[in-house]
Structure formats: C-alpha cells, structure tokens
Amino acid sequence: MRSLPLLALTGAVCVSALTACGGSDPAADPAALTVVSTDTACEVSQKDLAAGSHTFTLVNKGSKVTEVYFYAPDGKTLSEKENIGPGTSYDITVTLPAGDQQIGCKPGMVGDGIRQDVKVSGAAAALDPRLVKAVADYRLFIDAQVADTVTKSEAFVAAVKSGDVAKAKELYAGSRFGWESVEPVAESFGDLDPKIDAREADLTDEEKAAWTGWHRLEKALWTDGSVKGQEETAEQLITDLKDLQSRVHTVDITPASMANGAKELLDEVATGKITGEEEAFSHTDLVDFKANVDGAFKVYELLSPVVKEKDAALAGTLDTAFADVFTALKKHEKGDSYVSYDTVGAADRKTLTDVVNALGEPLSKLAAAVA
Amino acid sequence: MASRPRLSRRALLGAGGAGVLAGAAGLLAARAGDEPAHADPGVVAFHGPHQAGIATPVQDRLHFAAFDLTTDDPARVAALLRAWTEAAAAMTRGAPVGDGAVDGVPLAPPDDTGEALGLPASRLTLTVGFGPSLFTKLGLEDQRPKALVDLPHFPGDNLDTARSGGDLCVQACADDPQVAVHAVRNLARIGFGTVSVRWSQLGFGKTSSTTPDSQTPRNMMGFKDGTANIPGTDAGLLDAHVWVAAGDGAAWMAGGSYLVARRIRMHIETWDRTSLTEQEQVIGRSKGEGAGPGRSREHDPVILAKMAPDAHVRLAHPDSNAGARLLRRGYSFTDGTDGLGRLDAGLFFLAYQRDVSEGFVKVQSNLRTDRLNEYIQHVGSGVYAIPPGVREGGFWGDTLFAKFA
C-alpha cells in the first residue's frame, strides 16, 4: 500500500512544478548559459531553450554599467538584473515559459537596449503567465529582503564592534527582519544557515565552541552584557550574509515552492516564535513573528490573482486569517517595534497560537491551488 | 477539489489480511459508503434520534476535548458543525475524512491525518455538546436551556481553569485509543480558525458499564465502578433520567441530554496505604465481589442502613438523593506523575442527565460529607448541552443552528 502513493507523489511533483523539472535535465548544463553584455552587443550563448528553470551567468565585458532583462512572450519583464558593473558577472535563475521571447542588455542602463530573440519550447507551455510573473516578482522581493538584512546587519555589526551594547541591542531585531521574511529560501543554503542563525539550544557542546551568527551575538548582548571578543563573530556574520546574497539567485523558485515556503514561515512561527525559543535572550520573538508572516503574506499576495480564480473560498479564508494575525500582532506593538515576548501572558500567547493555526491550516492548501 | 472514491479504513485492513479475504475486501471498499451501518458490529450508527456515545455500550477508550470559539458569528459555527458532522459520519463508519490520507492532491496536505488507516471503525462514537459560554459568545442567551446551569462551587473543588469549561466539547469513544485520538485530532484540524482546543483528556479502562450483562469494570482504586448505572438498554430509565423531553424547556434540546465532565484526581498513594477494611467502608462495597454490606453478590440490592453514614455508595445512591440518577460513562486516566512523584491519575467522570440541577448538582451536593473526599479531589469541570441526534442530511446542533446555515 505504501509504495504506490509515494511513486505517484514523485511523479506529480514533476508534472505540477514544471519549472523544477525543466531545470533538472542533466543534459542542459545550466552553467553553460551566459549572456555577455558589451557596449555594442548582447550575446546569448544558447537561443534554443527548453521551457523551465535556467541559471544564466550575466557577464559585463563592456565599459559601462549594464542591465540584463528577460522578457516574456507578451513583452513583459520576466526577470531583470540591474547595476552589473564593468568586468563583473552575476548568476540569475529564470523560469522561462514556452514561446518566442527576448533577452535584452542595456549598456549604460538607458533606452530599449540590445535585444536577442530566443525560442523556448517544451512542456512548460501551460504555465500560467501570471504565475511566471509571481515567481519573478518573488525573486525581486527576496533580493530586496536579503539586501535589507545585509545593510541593517552592517549597522548592527558596527555597533557590536565599537562595543556599544545599547546601540547593538536596539539594532539587533531589525537586522534579522529581512532574513526572517524569506527564511525558507535563506535556510535552503545548508552550509550558511547554521553559521548565521543557529540557536544555542540546538547545538552540541562541541558545536557551541564554534558557534557563530546572530544568536551568539544576542547571547553576548543580553546575557553577558558585553560584546568584547565578539568582533570576529560579528565580522563573520556579514561575510556569511554577503555569501548568501551572492548565491540566493541560484535558488530554484516555483509557484509551488513559494506557496510551501509561505506555509513553512507559518510553521516557523507556530513552533519557534510562539514558544519564545527563537529569541531566548532578547525576547524579540514578535519581530521575527511579524517578519515571517509578512513573508508569507507577500507570497500570498503574489499568487492571489490565480488563487482567487481557482479557489475563491480558500482566498476568502486566507484574507480573513491573515487579517486576524495582523490584528492579533498589532495589540503588542510598541513604538515601531514590539513588546518583549516575556511580557506576553499565557492568554495572549494562546490567542496568537490560535490565529497562527487558523492561518497555517488553509495556507497549507495554497500550493495545490496554484499547481 | 474533485471528489474521488473513498477508501474505507476497514477495507484497507481486509486487503492487508488473509489472501482468501482479499476479494471480499475489495468489494467492501467499492461500496463502503452505502453499506448500512449496522451490518458491521464494529460500526455504531451515527444517525438517529439521540447522539451515539451516550446509551451506546461503553467502549474501552476515550479522547475528550473541549474547544473555545474564536468567532462570535453563529454562521461560522453552523458551517463548522456541518463540516464536523460530515467528517464524523465518515470516521465512525471507518472511512477517512474528506479525500482521505493518501491518493489526494500530491502538493496539498491530505484531508485525513492518516494514523487510523488500516484500523477498523472500533465502535467509534463522536458526541458533541455546547457549553454555557457558547450561548453568551454567540448572542444566543435566549436559546440557552434553563437545565444547563453553571455548576456551583462544591466543597473540596480545586478546579484548574486550564482543564475546565469550553464553548464546545467532543467526546470520542472507541475500542482503540488511536481511533479516538485520530477523530479528535481531525476535528480540531477542521476547526482551526473557528475553534481552538482549550483542553483535552485521554481515558482508558471504562469505569462504568452501560451493559448490565457484562462484567462491571474497576476504577483506579481497584473497586468495581458502575454497578447500579442506568443501563443503555432500559428505554424507560433513559427517558426518565437521561433524554430531554419535548416539554422540558428549550425546544431544540428535545432528544438531547446534558453532560457533566469532571476530572477527579485520586490520591493514589495514600489510598494504597489504607487498610482493606477502611477502603471497603469508605466505598460501601466489598473490594472483591462488589457486594454491599450484609449482601453476598454484586447485584444484590444494597441495604443503605448497613453502610457507614458517610460511605460513598450510600450518599450517591438514588434513595439518598430523592431518586436522582445519572448515566455514567467515566474513564480512568493516568497522565504520568505530577513532578512530586505522585501518580497523576484518577477518574474522568462523565455523566449524562435530563436536567443538571436534578442530576449531578443534587448528587454531588449530597457527597459533601463523603468519606471518599479524603482520597479524591475534583480538579477539572465542564457542563454541556448535548443536542439531539443527527438525522440523515442534517448536522450536529441543527435544531439550534439551522437558521444560520
């Protein structure tokens, strides 16, 4: 009885999450795909592509800063990368729907640029253009959130390195917000996640000796009241976050993975934040809570045109459930942040749990609704 | 979501069994949904004039859950009760919830949580009730039955609010604990957004029999419990003491009942250090046979005058309470130890009656001087209106909620 459903599941993931299958064809080495932008040309290494997910290396061999655009068959922008400096390159993963479309380079970042026609064919033809756009927009969101977390962490780390405990405490929770809002994506880098976001309670004694990341600094700030000797850890956090920033474009994103990521964000809230385990020293759990829910809401917002059409009842339920979570959170706002979670009583924690359960359960049906 | 043929849990069990039976099991699977429920001794009919799980012969296991509403909209509650009814009707006949636990949409979590796959229906019954607070929250005070009173404070009560009350309750009884737990878990899941679980209790080893011909079970004190219970087969006694009659008050309750649930902790260690004579005097019956003083057999009518004036059986007897009688279907519970090394165990007392004041309140008030009180403490409490049974096509509580549906 067991093997059959499992087989069916494996098959179905490929049929439903078309983009994942397109990208997993071993014959098409994604590293081989390049777009070389010069001051006068836009060279695409391969103009006959299979529909699905591809990683392109964008190379600027010109003298001006350039941009590279991927256009959908209807002419709208699928994905883009701005500010590629001369002599630099950048990896980007794009989900291409079937059809005749264009890739464009804009040396100097002005005008229509230089365009190349590419032909995309294959099974991904059925992918809803609205979903293609949702994936592209979500990539932009990820980029923005990771950039935000890097910028704010640099300020936080500067405070740590200058030994300003009060300032560092003030900047700590905010520096994590971007990370928390795209946590399932950020966590998908198995080498980086433990360096950046490991909690003391999850470590063995041996691992504690090499413990780095936000929570190490959190403990120093709130428990030790001093960040002396933490300069290296602080520096390492920025290094790791920048590493994440440079690699986050290689994550394969599909509508289903977005939806499942949203559900995972709510799981994060339900298991880690509700109990106050995430921010064991600073008790800034409600900031992470808000970031997780914001990240999930962004996914829902991007997918909602399709959800509303395919499952209006689910959309209605999610609208209400998200509103209820935001309302419940609002009660605990303090200034432009939130109250310390150790001051939130059992009854309020129960209310927060209830609204999270009420949202998490229907949210778990989102992936199927857009697949 | 497209509806698909539903896989019967019982059919799965058959398919996993002896090869000779495989063909027959396949046939069963094909028409599990339209089988008459009484065809299978493991299935208790869900539909009827009264809810199952009251007069039904007591199953061996319990999962009781109390829920709080997270909405004040009666329409949402009506929708939940309809969804619960559909799920309950499926689970009690051994079928999974909705599209099942397997073979559904691969990218969505399955409708059914799956831990009861392959298990028979196990005589599962699900019984739903409404607490007094439900009527307040939904603005339905005028519909609250007078017989659904708030229980007074009884001397010796040490009630934990985290294990008391609730706007709704679900009593799941089955012969298999996994089937009972599965049922409550799935209803809780369906309820997220409309209700939240307030507290729940697992029970084992029924302590009251509703079938007079079966052996009387024993409670955690080692005594037979439920010898003089109302038999679920005695229509006369049920009508007199358990079922709400049409003229009793709130019209929507006709055919229903009222449930009092009490979590009664037993001071196990001190009880175990009590002499046999003392134990028997406290209870008012012999430990071995269960006979009253001056009698030799369990079912011989007891002579109250021969018992100590503060013996439990004497004070609880109908003759000491102006004829008040309850239908009990309590369960033992053991929730590990309490951190002080004491067994956290006792009796999860469940009693059904036609009127709470004339039933539990009257009897419990009379137990004020009960010698047993030295060995027990009431630590949780709930009182609920149990609406009548569900008719085909109807839903739990539709006599109250139909106008909101």
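Only a predicted model underlies this, so the values are computations on that prediction, with no experimental measurement involved.

So, how was this worked out
- Residue indices follow the written sequence of each chain, beginning from 1 at its first position.
- Written order determines the labels here, with chains lettered from A and ligands numbered from 1.
- Whole-chain, interface and lining totals are the exception, using all residues; otherwise, since this is a predicted model, local features are given only for residues with pLDDT of at least 70 and side-chain atom pairs are given and counted only at 80 or more.
- The basis for the side-chain values is all heavy atoms of the structure; hydrogens and waters are excluded.
- Here an axis means a line fitted to C-alpha atoms, over the contact stretch when the element is a helix, while the angle between two N-to-C directions is reported on a 0 to 180 degree scale.
- Strands here are runs of E lasting at least two residues and helices are runs of H or I lasting at least four, both read from the DSSP assignment and numbered beginning at the N terminus.
- Each angle receives one of four descriptions, namely roughly parallel if under 35 degrees, roughly antiparallel if over 145, roughly perpendicular if within 65 to 115, and oblique otherwise.
- A clockwise turn of the near helix away from the far one marks a right-handed crossing, whereas an anticlockwise turn of less than a right angle marks a left-handed crossing.
- In this analysis, two residues are considered to be in contact whenever any of their non-hydrogen atoms come within 4.5 Å of each other.
- Under the scheme applied, nonpolar residues are Ala, Val, Leu, Ile, Met, Phe, Trp, Tyr, Cys and Pro; charged residues are Asp, Glu, Lys and Arg; polar residues are all the others, including Gly.
- The term salt bridge refers to a side-chain nitrogen of Lys or Arg lying within 4 Å of a carboxyl oxygen of Asp or Glu.
- Exposure classes here rest on a 1.4 Å probe applied to the protein chains alone. A residue is buried below 20% of its type maximum, exposed above 50%, and partly exposed in between.
- Values labelled buried area give the accessible surface lost by two parts on being combined, using a 1.4 Å probe and summing over both.
- Whenever a nitrogen or oxygen atom comes within 3.5 Å of another N or O atom, the pair is scored as a polar contact, on the condition that within protein one atom can donate a hydrogen and the other can accept it, and that pairs from neighbouring residues in sequence are kept only if both atoms are in side chains.
- When two cysteine sulfur atoms lie within 2.5 Å, the pair is treated as a disulfide.
- As used here, the arc is the angular range of directions from the helix axis to the C-beta atoms.
- UniProt positions are given in the numbering used here, feature names are shortened, and annotations may be inferred rather than shown by experiment.
- Domain start and stop points were drawn from an automatic or database domain assignment.

Q: Just to check I follow, could you spell out the packing of helix α3 (residues 74-92) of chain B against helix α5 (residues 177-191) of chain B for this structure?
A: The relative placement of two packed helices is expressed as an angle between their axes plus a distance between the axes. Residue and element names in this part refer to chain B. Following both chains from N to C, one finds α3 and α5 inclined at 155°, their axes separated by 10 Å at the closest point. In terms of orientation, α3 and α5 fall into the roughly antiparallel class. Crossing angle aside, the handedness with which α3 passes α5 is right-handed. In contact with Leu 80, Ala 83, Trp 84, Ala 87 and Met 91 of α3, α5 contributes His 182, Ala 183, Asn 186, Leu 187, Ile 190 and Gly 191. Of the residues belonging to the contact of α3 with α5, the class tally is eight nonpolar, three polar and no charged.

Q: Any chance you could explain the pattern of salt bridges here in plain terms?
A: Oppositely charged side chains may form a pair once their charged atoms are brought near each other. Inspection of every chain in the model, using the stated rule, returns 47 salt bridges over all chains. The shortest N-O distance in the salt bridge between Asp338(B) and Arg265(B) comes to 2.9 Å. Taken together, the residues span a long stretch of sequence, with Asp338(B) in the loop between β7 (331-337) and β8 (343-353) and Arg265(B) in strand β5 (residues 257-266) at a distance of 73 residues. Taking relative accessible area as the criterion, Arg265(B) reaches 13% and is therefore assigned buried. Among the charged side chains, a network of salt bridges with common partners joins Arg176(A), Glu180(A), Glu183(A), Asp197(A), Arg199(A), Asp202(A), Glu268(A), Lys273(A), Glu278(A), Glu279(A) and Asp288(A).

Q: Could you clarify how one ought to interpret the interface of chain B and chain A in this entry?
A: Accessible area lost during the coming together of the parts is what is often quoted as the interface size. Taken together, the contact between chain B and chain A spans 15 residues of the former and 18 residues of the latter. Counting each side, the surface lost to burial between chain B and chain A is near 1400 Å², with a carbon and sulfur contribution of 69%. By the criterion of area lost to chain A, the three top residues of chain B are Pro106(B), Leu107(B) and Phe192(B), representing 42% of everything that side buries. If you look at where chain B meets chain A, you find one salt bridge. Of the charged contacts, one joins Arg189(B) and Glu361(A) as a salt bridge, the two residues approaching to 2.6 Å between their closest N and O atoms. Taken together, the links from chain B to chain A amount to four residue pairs in polar contact (both at pLDDT 80 or more).

Q: What exactly am I supposed to notice about the state of the cysteines here?
A: Two cysteines whose sulfur atoms are joined by a covalent bond form what is called a disulfide. Scanning all chains against the criterion turns up one disulfide over all chains. Residue Cys42(A) pairs covalently with Cys105(A) via a disulfide, S to S 1.9 Å. Residues Cys42(A) and Cys105(A) are joined by a disulfide whose S-S torsion is about 60°; by sign, that bridge is right-handed. One end of the pair, Cys42(A), is in strand β2 (residues 42-44); the other, Cys105(A), is in strand β8 (residues 99-105), with 63 residues separating them in the sequence. Take Cys42(A) and Cys105(A): they sit in the same class, and that class is buried. In this structure Cys169(B) is not part of a disulfide, and its nearest cysteine sulfur, from Cys173(B), lies 11 Å away.

Q: Would you explain helix α10 (residues 357-366) of chain B in this entry?
A: All names here are of chain B. If you check which residues of α10 are buried, you get Gly 359, Phe 360, Val 361, Val 363 and Gln 364. Looking straight down α10, one finds that the buried residues subtend no more than 165° of arc, so they occupy a single side. As for α10, its buried residues are in contact with β5, α9 (312-316), β8 and β9 (376-386).

Q: Could you clarify how one ought to interpret unusual backbone geometry in this entry?
A: Most of the time, phi is negative for any residue but glycine, and the peptide bond is trans. With a phi angle near 55°, His283(A) is a residue other than glycine that sits in the positive phi range. You can call His283(A) partly exposed: its relative accessible area is 23%. Its identity is not glycine, yet Asp103(B) carries a phi of approximately 65°, on the positive side. For Asp103(B), the position within the fold is in the loop between α3 and β2 (125-130). The class of Asp103(B) is partly exposed, set by a relative accessible area of 45%.

Q: Is there a simple way to think about the UniProt feature "domain: Dyp-type peroxidase N-terminal" (unreviewed entry) in chain B in this case?
A: When the UniProt feature table is mapped to this numbering, "domain: Dyp-type peroxidase N-terminal" (unreviewed entry) covers residues 51-204 of chain B. Along residues 51-204 of chain B one finds 26% helix and 21% strand; the C-alpha atoms at either end are 21 Å apart.

Q: Is there a simple way to think about the domain arrangement of chain A in this case?
A: Residue and element names in this part refer to chain A. By domain assignment, chain A separates into domain 1 (34-121) and domain 2 (129-370). A C-alpha centroid distance of 32 Å is found between domain 1 and domain 2. The interface of domain 1 with domain 2 comprises 10 residues on the first partner and 11 residues on the second. When domain 1 packs against domain 2, close to 860 Å² is buried across both sides, 55% of that on carbon and sulfur atoms. Its largest share of buried area at the contact with domain 2, domain 1 owes to Leu 78, Thr 93 and Thr 95, together 45% of the area lost on that side. Taken together, the connections running from domain 1 to domain 2 amount to zero salt bridges. Counting every contact that joins domain 1 to domain 2 gives zero residue pairs in polar contact (both at pLDDT 80 or more). Elements with a minimum of two residues in the side of domain 1 that touches domain 2: β6 (77-84) and β7 (89-96). In terms of residue count, β7 provides more of the side of domain 1 that touches domain 2 than any other element does, five residues in total. Tallied by class, the residues present in the side of domain 1 that touches domain 2 amount to four nonpolar, four polar and two charged.

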